[in-house]
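Coordinate analysis (summary)
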Amino acid sequence: SWITSFYIEAGAIKLEGYSPYPTQLVEILSEVPEFTDVEGGDLKIKRGMKEYQFTIQLKLKHFDLKPYWLEYFPDKSF
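Everything in this summary refers to the structure shown in the same document. (Residues numbered from 1 in each chain as written. Predicted model: local features only at pLDDT ≥ 70, side-chain atom pairs only at ≥ 80, totals over all residues. Heavy atoms only, no water.)

**Description of the side chain of Ser19**
Counting through the fold element by element, Ser19 comes out in strand S2 (residues 12-19). Beyond its immediate sequence surroundings of up to four residues, Ser19 is in contact with Ser1, Leu25, Glu51, Tyr52 and Phe54. (Helix = DSSP H or I, 4+ residues; strand = E, 2+ residues; numbered from the N terminus. Contact = heavy atoms within 4.5 Å.)

So, in structure tokens, the structure goes:
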């Protein structure tokens, strides 16, 4: 398995990549105490590949955007 893209916005994370067993990745990430709302997205198989292309979305459990925003972006409105 490998990740090709990683996005984080306001405590929400989106992972994209390839894996022969993407549903197992969702199960593993669901057991991480720091993550919540772990969901697998569309699975696609590309021609000539054995691995599925996957999307997994999850959230950081104890992430509070407002204090983070005020600390790192004090000159921008929240």
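**Let's talk about the environment of Phe54**
Residue position: Phe54 is located in strand S5 (residues 52-60). C-alpha of Phe54 to C-alpha of Glu31: the two residues are 23 residues apart in sequence and 19 Å apart in space. Leaving out residues up to four positions away in the same chain, Phe54 has contacts with Trp2, Leu15, Glu16, Gly17, Tyr18, Ser19, Pro22, Leu25, Asp42 and Leu43.

**Focus on the pattern of salt bridges**
On inspection of all chains with the given rule, the structure shows 2 salt bridges. For Glu16, the salt bridge is made with Lys14, and the minimal N-O distance between the two is 3.4 Å. Relative accessible area serves as the criterion here: at 21%, Glu16 is assigned to the partly exposed category. The exposure class of Lys14 is partly exposed, given its relative accessible area of 31%. (Salt bridge = Lys/Arg side-chain N within 4 Å of Asp/Glu carboxyl O. Buried < 20%, exposed > 50% of the residue type's maximum accessible area, 1.4 Å probe, protein only.)

**Considerations on the nonpolar core**
Counting 8 residues, the largest nonpolar core consists of Ile13, Leu15, Val26, Leu29, Val38, Phe54, Ile56 and Leu58. Residue assignment for this core shows that the elements contributing at least two residues are S2, helix H1 (22-30) and S5. The element best represented in this core is S5, accounting for 3 residues. Beyond its immediate stretch of four places on either side in the chain, Val38 contacts Val26, Leu29, Ser30, Ile56, Gln57 and Leu58. (Core = buried A, V, L, I, M, F, W, Y, C linked by side-chain atoms within 4.5 Å.)

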